[in-house]
Every structure is written in C-alpha cells, then in structure tokens.
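Examination of the molecular architecture
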Number of protein chains: 2
Amino acid sequence: MDATDRAAAELLDAQDPLAGFRDRFVVAEPDLIYLDGNSLGRLGHAARQRLAEAVTEEWGRGLVRSWPEWMRRPAQVGDLLAEHLLGARPGEVLVADSTTVNLYKLAAAALDARPGRRVVVTDDDNFPTDRYVLEGLAAQRGLELRMLRTDPVEGVRADQVAEVLDERVALVSLSHVAYRSGALADMAAISALARAAGALTLWDECHAVGAVPVALDADGADLAVGCTYKYLNAGPGAPAFLYVRAELQPHLRQPIWGWFGQRDQFAMGSRYDPAPDLRRFATGSPPILGVALVEEGAKVLAEAGIGQLYAKAQALTGLLVELADRWLAPLGLTLASPRDPARRGAHVTLAHPDALRISRALIEQAGVVPDFRTPDRLRLGPAPVATRFVDVWDAMDRLRRLVHSGAHEHAPLEPSGVEPETTP
Amino acid sequence: MDATDRAAAELLDAQDPLAGFRDRFVVAEPDLIYLDGNSLGRLGHAARQRLAEAVTEEWGRGLVRSWPEWMRRPAQVGDLLAEHLLGARPGEVLVADSTTVNLYKLAAAALDARPGRRVVVTDDDNFPTDRYVLEGLAAQRGLELRMLRTDPVEGVRADQVAEVLDERVALVSLSHVAYRSGALADMAAISALARAAGALTLWDECHAVGAVPVALDADGADLAVGCTYKYLNAGPGAPAFLYVRAELQPHLRQPIWGWFGQRDQFAMGSRYDPAPDLRRFATGSPPILGVALVEEGAKVLAEAGIGQLYAKAQALTGLLVELADRWLAPLGLTLASPRDPARRGAHVTLAHPDALRISRALIEQAGVVPDFRTPDRLRLGPAPVATRFVDVWDAMDRLRRLVHSGAHEHAPLEPSGVEPETTP
C-alpha cells in the first residue's frame, strides 16, 4: 500500500504488537500529536499512581522510617535499567544526580585514571552539556580537547575516531545517539578502538536508552550516563543514571566526595573512605520520588521489550522519512538524519531555513508538537511506546499543509508562551 | 506552672500562635510523636495537592510546552527562600542539585578565586559530607585541610576560627547549626573575621533554614548551601539550594560547566560561556517536581514567619531541656546541646551510652521517632511548624518510662525494618 494513503498507517497500527501501550499513558488532548517524546516523555498512569502512593504512604505515613527501603532504591532501579535497557550487569548502574553532574564525575574519574595522557576526544555535534563539561575539565587540568568535526547528518564514524587516537588520549566521550540528527554511533567499534589505544570511553545514552537496544557490557563501553525524562518517561528533570563497568569500579574515584559514597556511611567517620563498588559514584541524598518515577518508567519499557520498541521506532521513523521524501522535500524540508534505519535512533530531523517558525506554527496552528534545534532543524521524535503510525501520518500531513500554505511565515520569532527553543 | 505537669504543655499549646499550622500537614498516625523533622519534614497537604497538579497538568497535559515556565522556577523559588528564610536579595539563591554537589561547586569556585592560598578551614564536628567534600578538594589540589577541634556540645566558636586564620586561608566552611548538637555558630562574627583575613566563607544552612532566622547578606556570608527536606518539608531527597553573594557572582566560576549555566543556553554554541549572574552556578536539568515541593514548603514557613517559628522552637527545646534535666539526667541521659537557647537551633541532643538501643526502642515500643547519631547521641528535633508542646512532653514522658523500665536493653542492634542509623 502507498504510504501516502492514510489507510497504510491505519494498517500498521492494527498490526502493531505494542498498540495497547498507548493506553498506559495520560493523553490529555487526543487531537494533539506529540512528537517530542525524545525531549520529555509522557506521564504514565502507573507512574502517577506510584508517585501518589510514595508521597502519601512512604513519605507522609512512613516518614524517616522509610529510609532503610529508600536507601536501596537507586541501586535497585539501576539494576532494572541495566537488565532491560542497558545491557549491563547488576551493580553497574546507579540512579543519581543529573546527566551533567554524572558526566563530570565519570569524566574526571577517567582522567584521573589516565594521568599521563593529556587529550580528551569528543565531537563537535555532541550535546552541548557534554562538550561544555569536557571543555571545563580540560581547561581546569590543562588538557587538550580534541574535537572531531562530525557530519551533522551521518554522525560520528569509527574511522574518524581511529584517526585521532594515540597514546596521548585519556578519554573518548561521545553520544550513542546524536541529539540532533539521531545518528547512531558504532559503540562496539569505537570502544574497541579506544581500548586498544589505552583510552577509556564515556557514552552519553540520553537519546538511546529506551529507544534502541543498548549493550554496554557486550559493546565494551567503560563508562556511560543518561537521562530518564525522555524515552523513560520519568518526568521533567527526573534523576539521571550512571554506568561504570564492574571491573573498573575499584580503580576509579570520582571527585565529589559525598557521604552517600562513603563505605560506612552512618559511622560518619572522620575521613572519606569510598565504598569499594558502584556506591562510590554516589554523592548526596538521592531524589527518592524521582527514583520511583524512573522505576515505573523502566517497568513499562521492560514489559514492552526493547527489541519490539526498537522495531517499532524503525517502522515509525521509516514512515516519517518516506512521507518526508514524498511530501516535504518538494517544499524545501530535507532529511537531516541517516537514511538507513540501522544507523539512527528513534527520532528524525528535517532541515529548513525557517525551521523555528515552522516549529512554532506547528504547535500553535496545527496541534503538532515537534522540537526546534539550532540552526535550522525540525526534530521529530515519535516515541514508540505511545505513538501511533497514524500520528506520524497526520503530523506529516499537517506539516505539509502548513508549509504549503505559508502560514508559518507569520509565526513570531520572539519568545511566546510556547517557545520551542527553550525546551531542554 | 511546673513543667513536669502536662497541663503546663497544654497551656503553651493553647497560647501558641502557630498551633493551627499542624493542620497543614498529613498526620497519618496521631499517636506517633515525630521528633525527626530535622531529618525529614512532614508532608504538607498543599504540597501533596501541588505535586498532583504539577504532575497531571504541567507534565501530563502541558508536556514540553511547560518548559518556558519551568525554566524560571529554580530562580523564582530561590528568591522565595531568599526573602523569607535566608535574608538574601533576589538573584542570590538558586534551587539546584543536592547539598553535596552544591558544596563541591561553591567550595571549588571559592578555591579558584583565592589561587595563592593553600588552606581550607572546617571543623571536626561538621557534617560528614561537608568534611568529605572539602577533604576531596584539598587532596585533589594539594591543599591543607585545617580541621578545628570543636567542642561537640557547644560547637565552633569565633575565637577558635580567629586563631587559625592567616593569609594562607582561602576558605572557611562551617555549618550554621551543628547537625548533632544543634549549636548555633556566630555567622556574623566568623564571616567578618574571615573577610578581614581575605578568606571566603561557605555556610551549610541545612539545619538552620526554616529553624532559625538566617541573615546571609547582613551577616556577611559569601556562599551558602542547604537542603530542603528537613524544616522546609519538601520531601525525601528534594533539591537543595545555593547562595552566592551578588557582588561575588561575576568573579566566581564553578567547575561543572553544564548547559544550564550557559549564557545563551539554547543557541547550543560551540564554547562554554557562563551566564554573568547566579545562573552560572546551575548545571543540568532542574528537578521540576522537586522544585514545586520546595516552593510549597517555603510558602507555609513564610506564612508562619521565621520569627515566630524560631520563638516556638526555642520554647519547644526549652521545655525539652527542662524535662530532660528533671526526668532524664537522673537516668543517665545528659544534655549534649547548648543550654542557652540563643546558642542553639531547633533540635536538642542527649547523650547516653546506650543511645542506639534507646532510639530503636523509642520507635518500636514507645511510638516516638527520634534520631540516633554516633557515637552515643539521641537527637530530638521538634519542628516548630508541626509539633505541639504536648508532643514534647509526652515524648519525654515515654522516654523516661522506657529508660526507667530498662526495656530498651533488649532492643536489637542489628539492622531491622526501622534502622534509625540509616537515616540521612
């Protein structure tokens, strides 16, 4: 069937084994097409219920008596992420802090573990906070930040990394899925190259976790971080996670010596003595209510299965690309993501000189929520757990009508109540 | 009236202008006497309602369209804390990260601002995470950590600080209210001494904010941090706050160069260029739901007024001390907090060789929730916003009966479901 026929999308929905999962989520405005699940995921019914129980029973009734149970949660939920979404072993993933703080902690730990090496490698299309954190650490330590010039559509390639690796490189830090283009990096190949050169790897899984199968252990990653408010649906500013390969844990120390990293925390001893295991990467009191939301978000994805989620993501973005080729390319909207589905995550980006105005107009006039990314990118993230094929079809239909009509040309660029450019 | 007569406590409650505030909070077990509000505050009805609305409306319905409003919240709620509880100006307080991470950021910023100075001053009774963070920074930079030997009852004195200050001291970092004894440090005197010596001050307000009037600007503090899950009642692991004196902001840089500290965040530019103001001390995505809880917690305290809260705290701890003298001293429980109410915060600590067993037995057998602190301290925090005078009276009555009976001697020391020693 022709993809431009809406019945084709309806058929895909009818055959979708994950179709029922949409009902797990709050859909407050059924006519709104939400294609920004890769920025902030939807609220799940179970998450809302769990949060209410945690607030009323664990906090309201239990008060400090809940802490023995709460103490275990960040590692327990980390293990849940490890098993179902990250391809890691128990004791390798901890829910803690923000992605930015975790990047800082793990990058600093890696640099300390390679004291003779003076170079940090990342790429110029890496997410801003990753680049800035590495820039800061390099500046503070007098290191060289070697910035790969990446193709903004195809993403970082293993052979590019190979070219800059030498015995002076301490750390290679990249995103597994690029935040703008959605390009999927070859984690196994790059990690193997880095290891062969004696460098450690630190992977940002923010746009990968819950969207593509991640195999940190099997692919030879050393360190990783990621957030939980995108595909994991844990809510705005939910706590992040960190991964440290088990074999490395005793050999790495992070710079923020907080009491939650202390071996015998409640002895409150006079000197810092870090826990021998993953707990040494903890800092302060964990955000308990946020951790509960991460758990609920992960449970829904675990039930759906990352294999099925990834298959659906490829099908959704495949439909999106096909319709973009057919309808939007003639209107000047060009694909700025890898065309090969095996080379991308679960979102797709289109380029247009007026992308910011189009993004605004889509929200305000067409009931479609996309994302704008500088300088000229319209990012579309049909989160597979809650997005239908007809949502993609309808969004692309509304988008082509909007651009064809030229109505977006009148959308204001000034900040409004729905500034798409101020969306983390 | 004799304090040992329960009618005296009833009279104090009848005259208490804050008596009605107890009804603002969830009291799930009316017979349970909760004296650990200085560890984890109670759940407020307004907080529960606000959280439910933020989840359902802002996240569930608004989705990413809520970010423009969310972006402003950490500074807005910081301003609320500044005005009503911290004695600071607008733009000096930000809700962000955890206390531990904020301590690290601000201590590192201070050390960078005093590059020629090689000494950090703190005290051996400071909270563990404060000591560990400073120990870590000193170790990483090859600095000397000068640890004041503090009287564990009376707390750190200004003349002690004066003795160790010289032109080599970069930073003096102390707690405003000591976590064990409740001793109140003379922030104005110590800050003046440090400034005269050319050092910066970093104050931990965790046990002070919401309990005593804090005047960061007037008392000459340079930097401060604090948590919101104690007297502010923002829930387990709620986000912390940081304070940077306005005049210092352009001159200090913190080490975690995250995108939320970037001047033009959504330009996603190639180099880190920190915001000129307080925002440069932000790191990653703020925990929005937690920030909403901080706001609700602060609003209740603002309505009660910190002056009235402090007056009630002094009266509550005064009653506690008087009953301890009369009833508990003969049983071997001795006061381990300053006797002068002007020299302490809102909690009181008693010492007893069997304090851990007594703490366990109080929870399990007597319906009183205290806190145990190493090595032999029973910490009692009657949070003034939600604790009645009869609660203090009844708790002391139950405590004397328990210790008199010797029933606590059979309480197990092994971990149980209500391990008081695993309470942050």
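As a convention, each chain's residues are numbered from 1 in the sequence order in which they are written. Key to labels: chains lettered from A, ligands numbered from 1, both in the order written. Residue-level local features of this predicted model are given only where pLDDT is at least 70; pairs of side-chain atoms are given and counted only at 80 or more, and the full residue set underlies all totals for whole chains, interfaces and linings. Remark: hydrogens and water are excluded; side-chain values derive from all non-hydrogen atoms of the structure.

This part takes up the overall build of chain A. Within chain A, the secondary structure is distributed over 11 helices and 13 strands. Our radius of gyration looks at C-alpha atoms and nothing else; its globule reference is 2.2 Å times the residue count to the power 0.38. Over its C-alpha trace chain A gives a radius of gyration of 22 Å, about what one expects of a compact globule, namely 22 Å for 424 residues. Counting only C-alpha atoms and orienting by the principal axes, one finds that chain A spans roughly 70 × 55 × 40 Å. Burial here depends on accessible area, computed with a 1.4 Å probe over protein chains only, as a share of the maximum for the residue type. Under 20% is buried, over 50% is exposed, and the range in between is partly exposed. Across the 424 residues that make up chain A, the buried fraction comes to 67%. Put simply, DSSP marks the helices as runs of H or I at least four residues long and the strands as runs of E at least two long, and each gets a number from the N terminus on.

What follows covers the interface of chain B and chain A. Taken residue by residue, the interface counts 80 residues in chain B and 80 residues in chain A. The term buried area refers to how much accessible surface (probe radius 1.4 Å) is lost by two components on association, counted for both of them together. Carbon and sulfur atoms make up 68% of the surface buried where chain B meets chain A, a total of about 7,100 Å² over both sides. When the buried area of chain B at its contact with chain A is split by residue, Trp59, Tyr132 and Trp257 of chain B rank highest and sum to 11% of it. In the sections that follow, a salt bridge refers to a side-chain nitrogen of Lys or Arg positioned within 4 Å of a carboxyl oxygen of Asp or Glu. The interface formed by chain B and chain A holds four salt bridges in total. When checking whether two residues touch, look at their non-hydrogen atoms; a contact exists if any pair is within 4.5 Å.

All names here are of chain A. In strand E8 (residues 241-244), alternate side chains face the same way, and those of Phe241 and Tyr243 on one face and Leu242 and Val244 on the other are all buried. As paired elements, strand E2 (residues 93-95) and E8 share three bridges and run antiparallel to each other. Note that in E8 the partner of Val93 across the bridge is Tyr243. Where strand E7 (residues 223-226) meets E8, four bridges bridge the pair, whose relative direction is antiparallel. The residue of E8 that forms the bridge with Leu223 is Val244. One requirement defines pairing of two strands: DSSP has to find at least two bridges between them.

Below, the discussion takes up the pairing of E7 of chain A. Residues and elements named next belong to chain A. Covered by surrounding structure in E7 are Leu223 and Val225 together with Ala224 and Gly226, the residues of both alternating faces. Judged from the three bridges that link them, strand E6 (residues 200-204) and E7 form a sheet pairing that is parallel. By the bridge assignment for E7, Asp204 is matched with Val225.

Further remarks concern the sheet that holds strand E9 (residues 334-335) of chain B. Residue and element names in this part refer to chain B. With antiparallel pairing, four strands are arranged side by side in an open sheet as E9-E10-E13-E12. Of all strands in the sheet, those with a lone pairing partner are E9 and strand E12 (371-373), marking the two edges. Pairing geometry for strand E10 (residues 348-351) and strand E13 (residues 377-380), over four bridges, is antiparallel. Bridge assignment links Thr349 to a residue of E13, and that residue is Arg379. For helices, the fitted line uses only the C-alpha atoms of the stretch in contact; every axis is such a line through C-alpha atoms, and the angle between N-to-C directions lies from 0 to 180 degrees. Contacts from helix H10 (residues 355-366) reach E12 and E13 within the one sheet, and its direction differs from that of E13 by about 40°.

Residue and element names in this part refer to chain A. Scored between 0 and 100, pLDDT is the confidence that the predictor attaches to each residue. Of all residues in chain A, 97% have pLDDT values of 70 or greater, and the mean over the chain is 96. Low pLDDT, under 50, characterises residues 415-422; the stretch is placed with 25 contacts to residues that sit more than four places away or in other chains. Predicted as a complex, the structure gets a pTM of 0.97 and an ipTM equal to 0.96.

Another point: the nonpolar core. With 161 residues, the main nonpolar core has Trp59, Leu81 and Val172 of chain A together with Trp59, Leu81, Val172 and Ile190 of chain B as its most contacted residues. If near-sequence neighbours (up to four positions away) are discounted, Leu81 of chain B is found in contact with Leu86, Val93, Val95, Leu232, Phe241, Val294 and Ala298 of chain B. The next biggest cluster of nonpolar side chains, apart from the first, holds 80 residues, and it includes Leu103 of chain A together with Leu111, Val225 and Leu252 of chain B. To define a nonpolar core, start from buried Ala, Val, Leu, Ile, Met, Phe, Trp, Tyr and Cys residues and group those joined through side-chain atoms within 4.5 Å.

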